[in-house]
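# Coordinates in review
Each chain, letter by letter, is given below.
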Amino acid sequence: MKSTREMLIAELPIGISATGKRTEFDSMGEIEVPADRYWGAQTERSLHHFDIGEDRMPKAVYHAYGYVKKACALVNAKSGRLPTWKRDVIIRAADEIIAGSLDAHFPLYVWQTGSGTQSNMNVNEVISNRAIQLLGGTLGSQSPIGPNDDVNMGQSSNDTFPTAMHIASIAMIEDYLLPRVEELASTLERKADGWMDTVKIGRTHLEDAVPLTVGQEWHGWAGQIRGAITEIKSAREGLYELAVGGTAVGTGVNAPKGFSQDVASAIADLTGKPFKTAPNKFAAQGSLDAMVRSHAALRGLAVALIKVANDIRWLASGPRCGLAELILPANEPGSSIMPGKVNPTQCEALIMISIQVLGNDTAVAFAGSQGNFELNAMRPIIIKNFLHSARILADGCERIRRHSVEGIELNEARIASYVEGSVMLVTALSPAIGYQNAAHIAERAIAQGISLRDAALSSGKVDATLYDMAIKPLEMVGLGLAGA
């Protein structure tokens with residue numbers, strides 16, 4: 001059996017040695033790096049100094065960085081600052097990064113310099129060495145393509161890393177998260193529409209309340225999800241603004257006039273997303289407010305999902321000794337000791353996911369408050385948590401939809417029995433006999449363990465005709481939905 005290292009080596013482009021070391025250099029001197037990797041000295045130093053835990057910088061950040069470097073090469077070449085032949089080979093290497101074919105060459109940990117400098121240099125070094133290889137040069141020579149002078153031309157980690165953060169976040173939200181959340185909301189609505197005439201007992205304060213329909217309850221859940229979707233879409237607007245062009249502190253030093261607008265426009269063209277240059281580079285680089293606001297919208301989705309998942313699992317509690325209004329798909333055995341037990345596992349998983357997102361949001365918000373002067377140096381933890389939250393929320397929504405919501409059925413007999421046995425139907429008698437008289441009827445029914453009808457008729461305040469005219473559960477549910 002091949003080792004993990006051998007399998008990784010087998011995936012490397014032809015021309016890279018599978019053994020030994022090579023010497024790379026930076027401004028601090030020489031250092032040895034693995035000969036089978038494209039990264040250079042600064043990446044290797046980061047690996048030595050920040051070997052912390054198992055949290056690696058998400059690959060999505062590097063894929064997004066590929067767009068940044070490609071766009072900058074296009075703009076630098078158009079202005080005449082970068083020769084066309086250099087542009088072309090940088091773009092080819094950047095395209096490989098975007099496609100994910102160079103993922104093995106991005107090893108850095110999340111816990112690194114807070115500006116993301118080491119990840120930016122990781123990208124610069126990989127593009128430089130890959131471009132050198134494509135041109136038939138010597139890896140590590142930084143010639144004829146240099147990581148700083150060519151790949152990083154007109155750029156700083158301080159403006160490109162937040163740009164990559166925004167690109168990666170928008171891709172995750174729009175291409176992965178929102179489609180899955182939209183599908184969950186649509187499934188809830190479709191199920192709700194089929195149950196609009198099924199009357200059930202409502203519950204407030206965990207106690208019996210007046211009736212509504214199953215469909216109304218489910219539309220309430222869908223409405224929560226739709227509201228969260230609206231907030232996510234609104235909050236993402238700040239992520240379309242890109243810091244690139246601000247370079248070191250927001251002034252644009254070493255970048256030509258119009259660079260920020262031109263690069264943002266190129267990124268928009270390359271990604272098909274409406275990115276634009278941030279109008280205030282000092283805010284874009286000194287804060288991470290757009291990321292904080294957008295993650296807060298993810299927190300809002302998590303809160304809504306907890307409510308929905310908890311309602312579903314409580315309504316499915318049973319099968320004999322719980323509420324048992326809903327029948328969930330039996331996906332797997334629920335106990336290692338109790339035969340035949342089935343649990344609401346998809347609901348539990350979604351709740352745990354949402355709890356994690358709430359925790360992530362605390363970290364994101366606190367990190368967002370830690371900007372100092374012209375830089376917030378807490379970027380890696382924010383992008384790691386953001387992408388993690390969006391990914392697990394998306395996957396959780398898809399799994400509960402596919403493995404639970406779509407297959408949920410009603411226990412109509414149990415639902416009907418709750419309606420028949422509820423004393424809160426007495427609410428419909430209040431307009432005819434007054435609140436106090438209706439309350440005494442409900443109290444008598446509960447105290448004596450008799451039906452509401454028997455309690456009402458024995459009170460002397462209600463006759464059979466009035467009772468039958470007033471107590472009509474289907475007529476008590478109203479519409480509840482605008483335009484329904």
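Because the structure is predicted, anything quoted here is derived from the model rather than measured. Note on numbering: residues in each chain are counted from 1, in written sequence order. Local features in this predicted model are restricted to residues of pLDDT 70 or higher, and side-chain atom pairs are both shown and tallied only at a pLDDT of 80 or more, whereas totals for entire chains, interfaces and linings draw on every residue. For the side-chain quantities, the full set of heavy atoms in the structure was used; hydrogens and water were omitted.

This brings us to the overall build of the protein. To qualify as a helix, a DSSP run of H or I must reach at least 4 residues; to qualify as a strand, a run of E must reach at least 2; elements of each kind are numbered from the N terminus. Along its length, the protein carries 19 helices and 10 strands. Note on exposure labels: buried denotes an accessible area under 20% of the residue type's maximum, exposed denotes more than 50%, and partly exposed covers the range between, all computed with a 1.4 Å probe on protein chains only. With 484 residues in all, the protein has 50% of them scored as buried. Residue contacts are counted whenever heavy atoms from the two residues lie within 4.5 Å of one another. For the protein, restricting intrachain contacts to residue pairs at least 6 apart in sequence, the fraction spanning at least 24 positions comes to 73%. Each accessible area is a Shrake-Rupley result for a 1.4 Å probe, and residues are judged covered by the shown protein chains and nothing else. Carbon together with sulfur atoms contributes 54% to the accessible area of the protein, which is approximately 22,100 Å² in total.

Note on geometry: axes are lines fitted to C-alpha atoms, helical ones only across the stretch in contact, with angles between N-to-C directions running from 0 to 180 degrees. Helix α13 (residues 379-403) packs onto helix α11 (residues 289-315) with a crossing angle of 30° between their chain directions and a minimal axis gap of 11 Å. One way to sum up the angle between α11 and α13 is to call them roughly parallel. Crossing handedness for the pair α11 and α13: left-handed. Taken together, the residues of α13 that come into contact with α11 (itself represented by M291, S294, H295, L298, L301, A302 and L305) are I382, I383, N385, F386, S389, A390, L393 and C397. Orientation is classified from the angle alone, with under 35 degrees giving roughly parallel, over 145 giving roughly antiparallel, 65 to 115 giving roughly perpendicular, and any other angle giving oblique. Should the near helix be turned counterclockwise from the far one by less than a right angle, the crossing is left-handed, whereas a clockwise turn marks it as right-handed.

In the contact formed by helix α3 (residues 59-78) and helix α4 (residues 84-99), the axes pass within 8 Å of each other and the chain directions differ by 165°. Judged by the angle between their axes, α3 and α4 are roughly antiparallel. Here α3 runs over α4; the crossing is left-handed. Touching Y62, H63, G66, Y67, K69, K70, A73, L74 and A77 of α3 are R87, I90, I91, A94, D95, I97 and I98, all from α4. Residues belonging to the contact of α3 with α4 are distributed by class as follows: 10 nonpolar, two polar and four charged. Here the term charged refers only to Asp, Glu, Lys and Arg, the term nonpolar to Ala, Val, Leu, Ile, Met, Phe, Trp, Tyr, Cys and Pro, and the term polar to all other amino acids, Gly among them.

Note on aromatic contacts: the rings of Phe and Tyr and the six-membered ring of Trp form a pair at centre separations within 6.5 Å, being stacked when their planes are under 30 degrees apart, edge-to-face when over 60 apart, and tilted otherwise. Per the stated rule, a full pass over the model turns up five aromatic pairs. A centroid spacing of 5.0 Å and a plane angle of 45° characterise the contact between W218 and W221, whose relative ring orientation is tilted. Of the two residues, W218 and W221 both sit in helix α8 (residues 214-235), three residues apart, roughly one turn of that helix. An identical accessibility class is assigned to W218 and W221; each is buried. When the ring of Y240 is compared with that of F275, the centres are 5.9 Å apart and the planes differ by 70°; the resulting orientation is edge-to-face. With a gap of 35 residues between them, Y240 in the loop between α8 and β5 (241-242) and F275 in the loop between α9 (259-271) and β6 (276-277) connect regions that are remote in the sequence. For Y240, a relative accessible area of 7% corresponds to the buried category.

Right, let's get into the pattern of salt bridges. Salt bridge, as applied in this entry: a Lys or Arg side-chain nitrogen positioned within 4 Å of an Asp or Glu carboxyl oxygen. The tally for this structure, following the rule as stated, stands at 26 salt bridges. Here R203 and E325 are joined by a salt bridge, their closest N and O atoms 2.7 Å apart. Pair noted here: R203 is in strand β3 (residues 199-204) and E325 is in the loop between α11 and β7 (326-327), with a separation of 122 residues, a long-range link. The shortest N-O distance in the salt bridge between R402 and E398 comes to 2.5 Å. You can see R402 and its partner E398 sitting in helix α13, four residues apart, about one turn around the helix. The buried category is assigned to E398, whose relative accessible area is 14%. In this structure, a network of salt bridges that share partners links the residues E174, D175, R236, E237 and K273.

Mapped onto the secondary structure, S119 falls in helix α5 (residues 117-134). By relative accessible area, which is 0% here, S119 ends up buried. Setting aside residues up to four positions removed in sequence, S119 forms contacts with M57, Y62, L108, Q112 and F161.

Attention now moves to the nonpolar core. If you look at the biggest cluster of nonpolar residues, it comprises 110 residues, and the most contacted ones within it are L177, W218, I225, L301, L326 and L393. Examining the composition of this core, we find that 15 residues originate from one element, helix α7 (residues 157-194), more than from any other. Contact partners of I225, with chain neighbours within four places excluded, come to V181, A185, L188, L301, A304, L305 and V308. Core analysis: the next-biggest nonpolar cluster, separate from the first, contains 20 residues, V426, I441, L452 and V462 among them. Take the buried Ala, Val, Leu, Ile, Met, Phe, Trp, Tyr and Cys residues and link them wherever side-chain atoms come within 4.5 Å; each set so joined is a nonpolar core.

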